[in-house]
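Architecture and fold: a report
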Amino acid sequence: MSQSTRRLTVAQALVRFLSAQYTERDGVRHRLVAGTWGIFGHGNVAGLGQALLETGEAAMPFHQGRNEQAMVHAAVGFARHHNRLSAQAVTTSIGPGATNLVTGAALATINRLPVLLLPGDHFATHTADPLLQQLEHPQCADVSVNDTLRPVSRYFDRINRPEALIPSALNAVRVLADPVETGAVTLALPQDVQAEAFDWPEEFFRERVWPVRRPQPEPAELADAVRMLRAATRPLIIAGGGVHHSGAEDALRELVDATGIPVASTQAGKGSLRHDHPADLGGIGHTGTAVSDELARTADLVIGVGTRYTDFTTASGTLFERPDVRFVNLNITPFDAHKLAAATLVADARTGLQALTAALEDHRVDASYEAEYRAGKDSWSAAVADAYRAADTDVPSQTQLLGALDEIVGDTDVVINAAGSLPGDLHKLWRARSPRQYHLEYGYSCMGYEIPAAIGVQLAAPDTPVWALVGDGTYLMMPTEIVTAVQEGLPINVVLVQNHGYASIGGLSEQVGGERFATAYRYRAADGSYGGDPLPVDLAANAASLGMDVLRPKTVGELREALTAARASNRPTCVYVETSRQPGAPGAQAWWDVPVAEVATRQAARDARTDYERHAAARRRHL
């Protein structure tokens, strides 16, 4: 019997295939590729551009971007808000359009978040060789600039023949939907192949549902973890982003309510418990709270749930000081579960936490331990209140700005940030009220992520107020997608903090003996340094020129009014704030390893090296 076929171009076939892919978890179905971002050039306009037009918005919604990297950030924000169950694709032309994807792809893969990249490529037939924007490699004729995406992609293929699309497209969506494997997926599409027709089997276009599994822990691993938990006197849970991706917040709370084990959170895991839960201790590590870090130093058992244990979390290997400390890692990814020589519990976060709760039915930590960490939580809460406190007439500091925002946001508002001094202040101070309110991209900490990610989240949750918090340095990296927000009528709120330079790196530079070299946005002084007056850059005017409504509060009282107005607006709105330096957030509660010059003539660097060696001596490997 002959198989029914449909004659389409490669690009048309790919779009139709993607429109029929779904994920399903817990009986709920989600569109796997819910839309496509694109900027068109000669490498994709006649292929994917024509295919998206022909297929139509109903089958594949399209979003016009302004910067290729920003389009990936928007897609990542969308996928994160959907707990990785729904993603978006990004198409670009060949050359710089394609290489602009690399930073976004690295961010997606590092954060274990799905995005499908569809860059154009040079001719597979080499009939036009070299063509505009083609990289010629003298020894490797099959290399193109798209090969820069290989190391940052979880799956990569170049589709040099139409029929090669079938297995590659299936593999691409398999990886996108798999919580163990997911990240950036790249299908490089030579522009001649995109436009080539082929007789496709109808079976290729049938609806497919990719189950997102919840693997149960192995009984032996579970028994080992339970034995260690029962023996521990000072256990501490570290909640990572995997808690959110699994939708395991209720399961975590049930375990904590039953056992009294306290919870500290990574940047990705913050909000796993509400801030006012008695066992929620806030952030951990270099940007963590005093109570979290003190408990980490004295913990005899650390239970990592869905965390990658970055150097910020472990304070560069210095945080877990107790000589006999041990680790249990609950993670769906074996690669992460084995870190710190842990006893592994390879499973879905929700099923693993539920299994632990059932097995620990009659177990609870000692009352004195609960009293200790609750007192520490109360003390830190007072420190947060001090940092937020301000008179209406004050010029707001950055922490007072956060305090004003804390007063205005609703429980389900989303606050987005990625880089600068804000991540540290937010991790220490922000009082998360719902699982997805706190949206920090700190795996790659990419300047420029915030505004496009806000667009992605707004697309994922149209009725949710979304706040992008950006410093002036970050804003200058990538304000382009403001135009997209205006075009699409997406009422994102941008809180733009003007502190005239790289505040975070300036502070770090001073700490490591760099004397704040080249970290301020200022004119050159007579001595040649950037020590002159602040540059007269009007970023608020820039935002207005791109189509945003702009509010310029000067005092804390005016700031509250501006934030309230922004939240109520149905248009993209920028709240522009020139902040004072005082008061600031409490200092770092744990170390971070940034190597200091071993020899130097300047006294600041020599002093910093002495301090560095003192801290580095406490670093250890957990074996």
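Residues numbered from 1 in each chain as written. Predicted model: local features only at pLDDT ≥ 70, side-chain atom pairs only at ≥ 80, totals over all residues. Heavy atoms only, no water.

Things to note about the overall build of the protein
For clarity, the cut-off: In DSSP terms, a helix is any run of H or I states spanning at least four residues, a strand is any run of E spanning at least two, and both are numbered starting from the N terminus. Note on classification: 1.4 Å probe, protein chains only; a residue is buried when its accessible area is under 20% of the maximum for its type, exposed when over 50%, partly exposed between these limits. Every residue pair with non-hydrogen atoms within 4.5 Å of one another is taken to be in contact. We count Lys and Arg on the positive side and Asp and Glu on the negative side, and we leave His and both chain ends out. Note on charges: their place is set at NZ of Lys, CZ of Arg, CG of Asp or CD of Glu.
A count of helical and extended segments in the protein gives 24 helices and 23 strands. By its C-alpha atoms, the protein is 75 × 70 × 55 Å across when sized along the principal axes. Counting every position in the protein, which comprises 623 residues, the buried fraction comes to 57%. Considering only contacts in the protein between residues 6 or more positions apart, those separated by 24 or more positions represent 76%. Considering the protein, the positive charge centre built from 55 side chains and the negative charge centre built from 71 side chains are found 2 Å apart.

Re the domain arrangement of the protein
Cut-off, in case you're wondering: The domain limits used here are those given by an automatic or database domain assignment. Using a 1.4 Å probe, buried area is obtained as the accessible area two parts lose upon being combined, added over both of them. Salt bridges are identified by distance alone: a Lys or Arg side-chain nitrogen within 4 Å of an Asp or Glu carboxyl oxygen.
Each assigned domain of the protein is listed with its residue range as follows: domain 1 (5-211), domain 2 (219-378) and domain 3 (391-500 + 535-578). Across the contact, 18 residues belong to domain 2 and 17 residues belong to domain 3. Taking both sides of the interface into account, the surface hidden between domain 2 and domain 3 amounts to around 1,500 Å²; carbon and sulfur atoms contribute 55%. Of all residues in domain 2, the largest losses of buried area upon contact with domain 3 belong to Q267, K270 and H275, amounting jointly to 44% of the total for that side. The interface formed by domain 2 and domain 3 contains one salt bridge.

Details of the UniProt feature "domain: Thiamine pyrophosphate enzyme N-terminal TPP-binding" (unreviewed entry) in the protein
For clarity, the cut-off: UniProt positions are given in the numbering used here, feature names are shortened, and annotations may be inferred rather than shown by experiment.
In this numbering, the UniProt entry assigns the feature "domain: Thiamine pyrophosphate enzyme N-terminal TPP-binding" (unreviewed entry) to residues 58-130. Between the C-alpha atoms that bound residues 58-130 there is a distance of 38 Å. The span itself is 38% helix and 22% strand.

Considering the UniProt feature "domain: Thiamine pyrophosphate enzyme central" (unreviewed entry) in the protein
Per the UniProt record, "domain: Thiamine pyrophosphate enzyme central" (unreviewed entry) is found at residues 223-356. A distance of 9 Å separates the end C-alpha atoms of residues 223-356, which is 38% helix and 20% strand.

Some details on the pattern of salt bridges
Applying the stated criterion across every chain yields a total of 41 salt bridges. We note a salt bridge from R214 to D26, for which the minimum N-O separation is 2.8 Å. One end of the pair, R214, is in the loop between β11 (208-211) and α8 (219-231); the other, D26, is in the loop between β2 (21-25) and β3 (28-31), with 188 residues separating them in the sequence. Taking relative accessible area as the criterion, D26 reaches 46% and is therefore assigned partly exposed. Of the charged contacts in the structure, one is a salt bridge between R154 and E181, with a shortest N-O distance of 2.8 Å. Of this pair, R154 sits in the loop between β7 (115-121) and β8 (155-158) while E181 sits in the loop between α6 (165-177) and β9 (184-190), and the two are 27 residues apart along the sequence. The exposure class assigned to E181 is partly exposed, which follows from its relative accessible area of 29%. One salt-bridge network, held together by shared partners, links R274, D276, D406, D411, R431 and R433.

A few points about the sheet that holds strand β15 (residues 301-305)
Put simply, the rule reads: When DSSP finds at least two bridges between two strands, those strands are taken to pair. A fitted line through C-alpha atoms represents every axis, and for helices the fit uses only the stretch in contact; the resulting angles, taken between N-to-C directions, go from 0 to 180 degrees.
What the six strands build is an open sheet, ordered β14-β13-β12-β15-β16-β17; its pairing is parallel. Looking at the sheet topology across the chains shown, the edges are occupied by β14 (280-283) and β17 (343-346). Taken pair by pair, the neighbouring strands of this sheet meet at an average axis angle of 20°, ignoring direction. Relative to strand β13 (residues 263-265), strand β12 (residues 235-239) runs parallel, the two sharing three bridges.

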